[in-house]
Amino acid sequence: MLIVSTLAFTVCFMVWMMFGVIGIPIKKMLNLNATQFGLLTAMPVLTGSLVRVPLGIWTDKYGGRIVMAVLMVLTVPAIWMMGYATEYWHFLVAGLFVGLAGGSFSVGTPYVARWFPKSRQGTAMGIYGAGNSGAAVNKFVAPVILVAFGWAAVPHVYAAIMLGAVILFWLFSYSDPSHLVSSNVSFAEQLKALKDPRVLKYCQYYSIVFGGYVALSLWMVQYYVGEYGLDIRVAALLAACFSLPGGVLRAIGGVLSDKYGAHSVTWWVMWVSWICLFLLSYPQTDFTILTVDGPSTFHIGLNVYVFTGLMFILGIAWAFGKASVFKYISDDYPGNIGAISGIVGLAGGMGGFVLPIMFGMLMDWTGIRSSAFMLMYGVVWVSLIWMYFTEVRRANVMSA
(Lines give C-alpha, C1' and ligand atoms only; values in the text may rest on other atoms or scores of the structure.)
Protein backbone atom coordinates (compact mmCIF):
# COMPACT_ATOMS: atom_id res chain seq x y z
CA MET A 1 0.00 0.00 0.00
CA LEU A 2 2.79 2.44 0.90
CA ILE A 3 4.73 1.55 -2.27
CA VAL A 4 1.81 2.01 -4.65
CA SER A 5 0.76 5.25 -2.93
CA THR A 6 4.29 6.63 -3.27
CA LEU A 7 4.35 5.61 -6.95
CA ALA A 8 1.05 7.41 -7.57
CA PHE A 9 2.33 10.55 -5.83
CA THR A 10 5.57 10.45 -7.86
CA VAL A 11 3.60 10.43 -11.11
CA CYS A 12 1.35 13.24 -9.88
CA PHE A 13 4.36 15.36 -8.95
CA MET A 14 6.06 14.64 -12.28
CA VAL A 15 2.97 15.93 -14.11
CA TRP A 16 2.68 18.91 -11.74
CA MET A 17 6.24 20.02 -12.59
CA MET A 18 5.83 19.57 -16.36
CA PHE A 19 6.15 23.28 -17.22
CA GLY A 20 9.62 23.36 -15.65
CA VAL A 21 10.90 21.73 -18.87
CA ILE A 22 8.32 22.25 -21.63
CA GLY A 23 7.90 25.86 -20.51
CA ILE A 24 11.27 26.71 -22.11
CA PRO A 25 10.28 26.02 -25.75
CA ILE A 26 6.83 27.49 -25.02
CA LYS A 27 8.51 30.67 -23.73
CA LYS A 28 10.50 30.92 -26.95
CA MET A 29 7.46 30.14 -29.12
CA LEU A 30 5.27 32.79 -27.45
CA ASN A 31 8.12 35.29 -26.80
CA LEU A 32 7.37 35.53 -23.06
CA ASN A 33 9.26 37.70 -20.60
CA ALA A 34 10.51 36.36 -17.25
CA THR A 35 7.36 37.38 -15.35
CA GLN A 36 5.06 35.72 -17.90
CA PHE A 37 7.22 32.60 -17.78
CA GLY A 38 6.99 32.59 -13.99
CA LEU A 39 3.20 32.80 -14.16
CA LEU A 40 3.10 30.01 -16.73
CA THR A 41 5.13 27.61 -14.60
CA ALA A 42 3.27 28.58 -11.42
CA MET A 43 -0.28 28.19 -12.72
CA PRO A 44 -0.58 24.42 -11.98
CA VAL A 45 0.82 25.08 -8.51
CA LEU A 46 -2.04 27.50 -7.77
CA THR A 47 -4.77 24.90 -8.26
CA GLY A 48 -2.77 22.17 -6.55
CA SER A 49 -2.45 24.45 -3.54
CA LEU A 50 -6.02 25.69 -3.31
CA VAL A 51 -7.50 22.18 -3.37
CA ARG A 52 -5.27 20.86 -0.60
CA VAL A 53 -7.45 21.90 2.33
CA PRO A 54 -10.71 20.39 1.02
CA LEU A 55 -8.86 17.29 -0.20
CA GLY A 56 -7.31 16.77 3.24
CA ILE A 57 -10.71 17.11 4.89
CA TRP A 58 -12.38 14.77 2.38
CA THR A 59 -9.62 12.24 3.01
CA ASP A 60 -10.42 12.31 6.72
CA LYS A 61 -14.13 11.80 5.94
CA TYR A 62 -14.21 9.49 2.93
CA GLY A 63 -10.82 7.75 2.86
CA GLY A 64 -7.66 8.33 0.86
CA ARG A 65 -8.16 5.53 -1.65
CA ILE A 66 -11.29 6.87 -3.33
CA VAL A 67 -10.23 10.54 -3.14
CA MET A 68 -6.80 9.85 -4.67
CA ALA A 69 -8.21 7.73 -7.50
CA VAL A 70 -10.86 10.29 -8.47
CA LEU A 71 -8.32 13.12 -8.34
CA MET A 72 -5.90 11.34 -10.68
CA VAL A 73 -8.62 10.39 -13.17
CA LEU A 74 -9.82 14.01 -13.38
CA THR A 75 -6.38 15.25 -14.48
CA VAL A 76 -5.96 12.91 -17.46
CA PRO A 77 -8.10 14.84 -20.02
CA ALA A 78 -6.48 18.16 -19.10
CA ILE A 79 -2.97 16.74 -19.45
CA TRP A 80 -3.80 15.32 -22.88
CA MET A 81 -5.42 18.52 -24.17
CA MET A 82 -2.40 20.63 -23.22
CA GLY A 83 -0.56 19.17 -26.20
CA TYR A 84 -2.96 21.06 -28.50
CA ALA A 85 -2.60 24.49 -26.86
CA THR A 86 -1.34 27.34 -29.08
CA GLU A 87 -2.04 30.58 -27.16
CA TYR A 88 -0.71 31.83 -23.83
CA TRP A 89 -4.16 31.73 -22.21
CA HIS A 90 -4.62 28.15 -23.43
CA PHE A 91 -1.62 27.09 -21.38
CA LEU A 92 -2.75 29.07 -18.32
CA VAL A 93 -6.21 27.47 -18.34
CA ALA A 94 -4.89 23.96 -19.02
CA GLY A 95 -2.35 24.47 -16.25
CA LEU A 96 -5.13 25.17 -13.77
CA PHE A 97 -6.73 21.78 -14.42
CA VAL A 98 -3.43 19.88 -14.58
CA GLY A 99 -2.60 21.45 -11.24
CA LEU A 100 -5.18 19.25 -9.51
CA ALA A 101 -2.46 16.58 -9.47
CA GLY A 102 -0.56 18.65 -6.92
CA GLY A 103 -3.33 18.18 -4.38
CA SER A 104 -2.44 14.49 -4.12
CA PHE A 105 -0.02 15.21 -1.29
CA SER A 106 -2.80 16.20 1.11
CA VAL A 107 -4.61 12.98 0.27
CA GLY A 108 -1.73 10.55 0.56
CA THR A 109 -0.13 11.98 3.70
CA PRO A 110 -2.99 11.22 6.14
CA TYR A 111 -3.93 8.09 4.17
CA VAL A 112 -0.45 6.61 4.59
CA ALA A 113 0.19 7.88 8.14
CA ARG A 114 -2.84 6.14 9.66
CA TRP A 115 -1.56 2.70 8.65
CA PHE A 116 1.43 3.08 11.01
CA PRO A 117 1.97 3.59 14.77
CA LYS A 118 2.85 7.11 15.88
CA SER A 119 6.52 6.18 16.39
CA ARG A 120 6.83 5.32 12.70
CA GLN A 121 4.56 7.91 11.13
CA GLY A 122 7.41 10.30 10.39
CA THR A 123 9.22 7.57 8.47
CA ALA A 124 6.06 6.53 6.61
CA MET A 125 5.20 10.09 5.61
CA GLY A 126 8.82 10.66 4.63
CA ILE A 127 8.76 7.65 2.30
CA TYR A 128 5.49 8.80 0.76
CA GLY A 129 6.80 12.35 0.47
CA ALA A 130 9.80 11.01 -1.47
CA GLY A 131 7.35 11.10 -4.37
CA ASN A 132 8.52 14.73 -4.65
CA SER A 133 11.31 13.16 -6.69
CA GLY A 134 8.77 13.21 -9.52
CA ALA A 135 10.22 16.69 -10.13
CA ALA A 136 13.56 15.02 -10.93
CA VAL A 137 11.90 12.26 -12.97
CA ASN A 138 10.32 15.01 -15.06
CA LYS A 139 13.77 16.44 -15.75
CA PHE A 140 15.02 13.04 -16.95
CA VAL A 141 11.99 12.09 -19.04
CA ALA A 142 10.61 15.34 -20.51
CA PRO A 143 13.83 16.57 -22.24
CA VAL A 144 14.25 13.22 -24.02
CA ILE A 145 10.67 13.30 -25.33
CA LEU A 146 10.95 17.00 -26.15
CA VAL A 147 14.12 16.64 -28.25
CA ALA A 148 12.89 13.50 -30.02
CA PHE A 149 9.25 14.43 -30.74
CA GLY A 150 8.68 18.08 -29.75
CA TRP A 151 7.22 19.61 -26.61
CA ALA A 152 3.60 18.71 -27.53
CA ALA A 153 4.40 14.99 -27.18
CA VAL A 154 5.25 15.40 -23.49
CA PRO A 155 1.64 16.01 -22.27
CA HIS A 156 0.39 13.07 -24.36
CA VAL A 157 2.94 10.67 -22.87
CA TYR A 158 2.28 12.01 -19.37
CA ALA A 159 -1.48 11.51 -19.76
CA ALA A 160 -0.88 7.84 -20.59
CA ILE A 161 1.46 7.46 -17.60
CA MET A 162 -1.11 9.05 -15.26
CA LEU A 163 -3.84 6.71 -16.50
CA GLY A 164 -1.59 3.68 -15.91
CA ALA A 165 -0.68 4.93 -12.43
CA VAL A 166 -4.29 5.33 -11.31
CA ILE A 167 -5.11 1.79 -12.46
CA LEU A 168 -2.16 0.39 -10.46
CA PHE A 169 -3.10 2.45 -7.42
CA TRP A 170 -6.70 1.22 -7.44
CA LEU A 171 -5.67 -2.43 -7.83
CA PHE A 172 -3.10 -2.49 -5.01
CA SER A 173 -4.39 0.02 -2.42
CA TYR A 174 -6.76 -0.65 0.48
CA SER A 175 -9.34 1.06 2.68
CA ASP A 176 -9.89 0.89 6.45
CA PRO A 177 -13.15 2.39 7.82
CA SER A 178 -11.51 2.86 11.23
CA HIS A 179 -9.23 5.53 9.71
CA LEU A 180 -12.13 7.84 8.90
CA VAL A 181 -13.02 10.86 11.01
CA SER A 182 -16.58 10.62 12.36
CA SER A 183 -19.10 11.95 9.84
CA ASN A 184 -20.65 14.26 12.45
CA VAL A 185 -17.47 16.38 12.53
CA SER A 186 -18.10 19.54 10.49
CA PHE A 187 -15.65 21.38 8.23
CA ALA A 188 -15.73 24.31 10.65
CA GLU A 189 -14.77 22.09 13.59
CA GLN A 190 -11.88 20.59 11.66
CA LEU A 191 -10.65 24.03 10.62
CA LYS A 192 -10.63 25.42 14.17
CA ALA A 193 -6.96 24.56 14.33
CA LEU A 194 -6.29 27.61 12.14
CA LYS A 195 -6.62 29.68 15.31
CA ASP A 196 -3.57 27.86 16.68
CA PRO A 197 -0.42 29.97 16.10
CA ARG A 198 1.58 26.75 15.76
CA VAL A 199 -0.26 25.97 12.53
CA LEU A 200 0.67 29.37 11.10
CA LYS A 201 4.29 28.79 12.04
CA TYR A 202 4.34 25.37 10.36
CA CYS A 203 2.84 27.03 7.28
CA GLN A 204 5.78 29.45 7.22
CA TYR A 205 8.31 26.64 7.52
CA TYR A 206 6.64 24.63 4.78
CA SER A 207 6.43 27.60 2.42
CA ILE A 208 10.24 27.42 2.38
CA VAL A 209 11.09 23.74 2.36
CA PHE A 210 8.26 22.77 0.01
CA GLY A 211 7.25 26.03 -1.65
CA GLY A 212 10.88 26.91 -2.31
CA TYR A 213 11.54 23.39 -3.57
CA VAL A 214 8.66 23.57 -6.05
CA ALA A 215 9.59 27.08 -7.19
CA LEU A 216 13.24 26.29 -7.79
CA SER A 217 12.40 22.95 -9.43
CA LEU A 218 10.34 24.93 -11.95
CA TRP A 219 12.92 27.69 -12.30
CA MET A 220 16.27 25.93 -12.44
CA VAL A 221 16.31 24.49 -15.97
CA GLN A 222 15.84 27.89 -17.57
CA TYR A 223 18.29 29.36 -15.00
CA TYR A 224 21.02 27.00 -16.17
CA VAL A 225 20.21 27.71 -19.82
CA GLY A 226 20.30 31.49 -19.29
CA GLU A 227 23.13 31.79 -16.76
CA TYR A 228 25.55 29.20 -18.10
CA GLY A 229 24.39 28.76 -21.73
CA LEU A 230 23.78 25.03 -21.40
CA ASP A 231 21.76 22.76 -23.68
CA ILE A 232 18.30 21.98 -22.27
CA ARG A 233 19.19 18.31 -21.71
CA VAL A 234 22.35 19.14 -19.76
CA ALA A 235 20.52 21.89 -17.88
CA ALA A 236 17.74 19.47 -16.89
CA LEU A 237 20.28 16.88 -15.74
CA LEU A 238 22.08 19.39 -13.51
CA ALA A 239 18.78 20.77 -12.21
CA ALA A 240 17.89 17.21 -11.17
CA CYS A 241 20.86 17.35 -8.77
CA PHE A 242 18.63 19.62 -6.69
CA SER A 243 15.26 17.99 -7.38
CA LEU A 244 16.27 14.36 -6.89
CA PRO A 245 17.76 14.55 -3.36
CA GLY A 246 15.04 17.07 -2.50
CA GLY A 247 12.51 14.29 -3.07
CA VAL A 248 14.15 10.92 -2.44
CA LEU A 249 15.88 11.86 0.81
CA ARG A 250 12.65 12.99 2.40
CA ALA A 251 12.34 9.44 3.75
CA ILE A 252 15.62 9.89 5.65
CA GLY A 253 14.26 13.15 7.01
CA GLY A 254 11.31 11.20 8.35
CA VAL A 255 13.62 8.74 10.13
CA LEU A 256 15.68 11.58 11.62
CA SER A 257 12.53 13.38 12.76
CA ASP A 258 11.27 10.25 14.50
CA LYS A 259 14.65 9.83 16.23
CA TYR A 260 15.66 13.39 17.14
CA GLY A 261 12.35 15.25 17.00
CA ALA A 262 10.81 17.63 14.49
CA HIS A 263 12.20 20.76 16.11
CA SER A 264 15.88 19.80 16.09
CA VAL A 265 15.82 18.67 12.46
CA THR A 266 13.95 21.79 11.30
CA TRP A 267 16.31 24.12 13.17
CA TRP A 268 19.39 22.76 11.45
CA VAL A 269 17.62 22.66 8.09
CA MET A 270 16.98 26.40 8.32
CA TRP A 271 20.59 27.19 9.15
CA VAL A 272 21.98 25.09 6.29
CA SER A 273 19.47 26.77 3.95
CA TRP A 274 20.53 30.21 5.17
CA ILE A 275 24.21 29.52 4.41
CA CYS A 276 23.57 28.00 0.97
CA LEU A 277 21.22 30.78 -0.10
CA PHE A 278 23.66 33.45 1.07
CA LEU A 279 26.32 32.03 -1.27
CA LEU A 280 23.87 31.42 -4.13
CA SER A 281 22.62 35.01 -3.92
CA TYR A 282 25.92 36.54 -5.00
CA PRO A 283 25.66 37.58 -8.67
CA GLN A 284 28.38 37.26 -11.30
CA THR A 285 30.50 40.37 -10.59
CA ASP A 286 33.41 42.13 -12.28
CA PHE A 287 35.10 44.88 -10.29
CA THR A 288 38.13 47.07 -10.83
CA ILE A 289 40.65 48.07 -8.18
CA LEU A 290 43.07 50.97 -8.70
CA THR A 291 46.50 49.66 -7.71
CA VAL A 292 49.92 51.30 -7.77
CA ASP A 293 50.47 49.62 -11.13
CA GLY A 294 47.14 50.79 -12.57
CA PRO A 295 43.61 49.37 -12.76
CA SER A 296 43.25 45.65 -11.99
CA THR A 297 39.99 43.82 -12.76
CA PHE A 298 38.71 40.79 -10.85
CA HIS A 299 35.76 38.48 -11.34
CA ILE A 300 33.71 36.90 -8.55
CA GLY A 301 30.93 34.42 -9.21
CA LEU A 302 29.91 30.79 -8.84
CA ASN A 303 30.91 28.47 -11.64
CA VAL A 304 28.47 25.79 -12.71
CA TYR A 305 30.11 23.11 -10.54
CA VAL A 306 30.07 25.08 -7.27
CA PHE A 307 26.56 26.30 -8.02
CA THR A 308 25.30 22.74 -8.59
CA GLY A 309 27.04 21.53 -5.42
CA LEU A 310 25.30 24.19 -3.33
CA MET A 311 21.95 23.35 -4.93
CA PHE A 312 22.55 19.67 -4.12
CA ILE A 313 23.12 20.51 -0.43
CA LEU A 314 20.06 22.77 -0.41
CA GLY A 315 17.97 19.97 -1.90
CA ILE A 316 19.06 17.58 0.86
CA ALA A 317 18.27 20.14 3.57
CA TRP A 318 14.81 20.82 2.21
CA ALA A 319 14.11 17.10 1.85
CA PHE A 320 14.73 16.71 5.59
CA GLY A 321 12.72 19.85 6.33
CA LYS A 322 9.66 18.67 4.42
CA ALA A 323 9.57 15.53 6.53
CA SER A 324 10.23 17.30 9.83
CA VAL A 325 7.40 19.80 9.36
CA PHE A 326 4.92 16.97 8.91
CA LYS A 327 6.35 15.23 11.95
CA TYR A 328 5.31 18.35 13.89
CA ILE A 329 1.77 17.81 12.56
CA SER A 330 1.54 14.09 13.38
CA ASP A 331 2.83 14.84 16.92
CA ASP A 332 0.56 17.80 17.63
CA TYR A 333 -2.62 16.82 15.72
CA PRO A 334 -2.87 13.01 15.59
CA GLY A 335 -6.65 13.00 15.20
CA ASN A 336 -6.81 15.73 12.57
CA ILE A 337 -3.85 15.02 10.31
CA GLY A 338 -5.82 15.38 7.09
CA ALA A 339 -7.18 18.86 7.74
CA ILE A 340 -3.94 20.24 9.22
CA SER A 341 -1.75 18.72 6.49
CA GLY A 342 -4.12 20.27 3.96
CA ILE A 343 -3.74 23.71 5.54
CA VAL A 344 0.05 23.48 5.79
CA GLY A 345 0.23 21.96 2.31
CA LEU A 346 -1.81 24.89 1.00
CA ALA A 347 0.73 27.32 2.46
CA GLY A 348 3.61 25.39 0.93
CA GLY A 349 1.87 25.18 -2.41
CA MET A 350 1.05 28.87 -2.42
CA GLY A 351 4.72 29.53 -1.81
CA GLY A 352 5.42 27.42 -4.88
CA PHE A 353 2.92 29.52 -6.83
CA VAL A 354 3.96 33.00 -5.69
CA LEU A 355 7.73 32.51 -5.73
CA PRO A 356 8.24 31.76 -9.47
CA ILE A 357 6.19 34.84 -10.34
CA MET A 358 8.30 36.93 -7.93
CA PHE A 359 11.48 35.38 -9.38
CA GLY A 360 10.39 36.57 -12.83
CA MET A 361 9.40 40.03 -11.62
CA LEU A 362 12.70 40.50 -9.81
CA MET A 363 14.68 39.39 -12.87
CA ASP A 364 12.73 41.72 -15.17
CA TRP A 365 13.21 44.56 -12.66
CA THR A 366 16.87 44.06 -11.68
CA GLY A 367 18.26 42.00 -14.56
CA ILE A 368 19.99 39.81 -11.96
CA ARG A 369 19.19 36.09 -12.17
CA SER A 370 20.44 35.36 -8.65
CA SER A 371 17.81 37.74 -7.25
CA ALA A 372 15.65 34.61 -6.88
CA PHE A 373 18.05 33.35 -4.22
CA MET A 374 18.20 36.76 -2.57
CA LEU A 375 14.44 36.55 -2.07
CA MET A 376 14.64 33.03 -0.63
CA TYR A 377 17.45 34.13 1.70
CA GLY A 378 15.17 36.79 3.20
CA VAL A 379 12.30 34.33 3.66
CA VAL A 380 14.57 31.90 5.52
CA TRP A 381 15.63 34.73 7.85
CA VAL A 382 11.97 35.19 8.85
CA SER A 383 11.64 31.53 9.78
CA LEU A 384 14.87 31.48 11.76
CA ILE A 385 13.80 34.49 13.82
CA TRP A 386 10.30 33.07 14.37
CA MET A 387 11.68 29.68 15.41
CA TYR A 388 14.20 31.23 17.79
CA PHE A 389 11.62 33.25 19.72
CA THR A 390 8.98 30.49 19.87
CA GLU A 391 11.01 27.29 20.19
CA VAL A 392 14.75 27.62 20.72
CA ARG A 393 14.46 29.45 24.04
CA ARG A 394 12.51 26.43 25.29
CA ALA A 395 14.62 23.67 23.69
CA ASN A 396 18.31 22.77 23.87
CA VAL A 397 18.91 21.97 20.18
CA MET A 398 22.69 22.33 20.41
CA SER A 399 22.95 18.98 22.18
CA ALA A 400 20.53 17.20 19.81
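Keep in mind it's a predicted model, so treat the numbers as computed, not measured. (Residues numbered from 1 in each chain as written. Predicted model: local features only at pLDDT ≥ 70, side-chain atom pairs only at ≥ 80, totals over all residues. Heavy atoms only, no water.)

K.L.:
Can you help me understand the overall build of the protein in this one?
P.N.:
Secondary structure assignment for the protein yields 19 helices and two strands. Computed over the C-alpha atoms, the radius of gyration of the protein is 21 Å, within 12% of the 21 Å expected from 2.2 N^0.38 for a compact globule of 400 residues. Each principal axis of the C-alpha atoms in the protein carries an extent, and together these give about 80 × 55 × 30 Å. Looking at the protein residue by residue over its 400 residues, the buried ones come to 58%. (Helix = DSSP H or I, 4+ residues; strand = E, 2+ residues; numbered from the N terminus. Rg over C-alpha atoms; globule rule 2.2 N^0.38 Å. Buried < 20%, exposed > 50% of the residue type's maximum accessible area, 1.4 Å probe, protein only.)

K.L.:
Explanation requested: the pairing of strand β2 (residues 294–300) in the structure shown.
P.N.:
Two faces make up the sheet, and in a regular strand the side chains alternate between them. Bridge count between strand β1 (residues 285–291) and β2: seven bridges; the pairing is antiparallel. Opposite Leu-290, over in β2, you have Pro-295 as the bridge partner. In this structure, the hairpin formed by β1 and β2 is closed by a connection of two residues. (Pairing = 2+ DSSP bridges.)

K.L.:
In this structure, what is going on with the side chain of Ser-371? I would like to understand it.
P.N.:
Mapped onto the elements of the fold, Ser-371 is located in helix α19 (residues 371–390). What makes Ser-371 buried here is its relative accessible area of 3%. Contacts of Ser-371, omitting those with residues within four sequence positions, involve Leu-362, Met-363 and Thr-366. (Contact = heavy atoms within 4.5 Å.)

K.L.:
Help me understand the packing of helix α5 (residues 64–82) against helix α10 (residues 153–172), please; the structure alone is not making it clear to me.
P.N.:
For any two helices packed against each other, the geometry is given by the interaxial angle and the distance between the axes. Close contact between α5 and α10 brings their axes to 8 Å; oriented N to C, the two are set at 165°. With respect to each other, α5 and α10 are oriented roughly antiparallel. Helix-helix and strand crossings are classified by hand; for α5 and α10 the assignment is left-handed. For the pair formed by α5 and α10, the contact residues are Gly-64, Arg-65, Ile-66, Met-68, Ala-69, Met-72, Val-73, Thr-75, Val-76, Ile-79, Trp-80 and Met-82 on the first element and Pro-155, His-156, Tyr-158, Ala-159, Met-162, Leu-163, Ala-165, Val-166, Phe-169 and Trp-170 on the second. When its residues are assigned to classes, the contact of α5 with α10 shows 18 nonpolar, three polar and one charged. (Axes fitted to C-alpha atoms, helices over the stretch in contact; angles between N-to-C directions. Parallel < 35°, antiparallel > 145°, perpendicular 65-115°, else oblique. Left-handed = near helix turned anticlockwise from the far one by under 90°. Nonpolar A, V, L, I, M, F, W, Y, C, P; charged D, E, K, R; others polar.)

K.L.:
In this structure, what is going on with the packing of α5 against helix α7 (residues 104–113)? I would like to understand it.
P.N.:
Interhelical geometry of α5 versus α7 gives an angle of 160° and a closest axis separation of 9 Å. Classified by the angle between their axes, α5 and α7 sit roughly antiparallel to one another. Along this stretch, α5 crosses α7, giving a crossing that reads as left-handed. Between α5 and α7, the contacting residues are Gly-64, Arg-65, Val-67, Met-68 and Leu-71 on the first element and Ser-104, Val-107, Gly-108 and Tyr-111 on the second. By residue class, the composition of the contact of α5 with α7 is five nonpolar, three polar and one charged.

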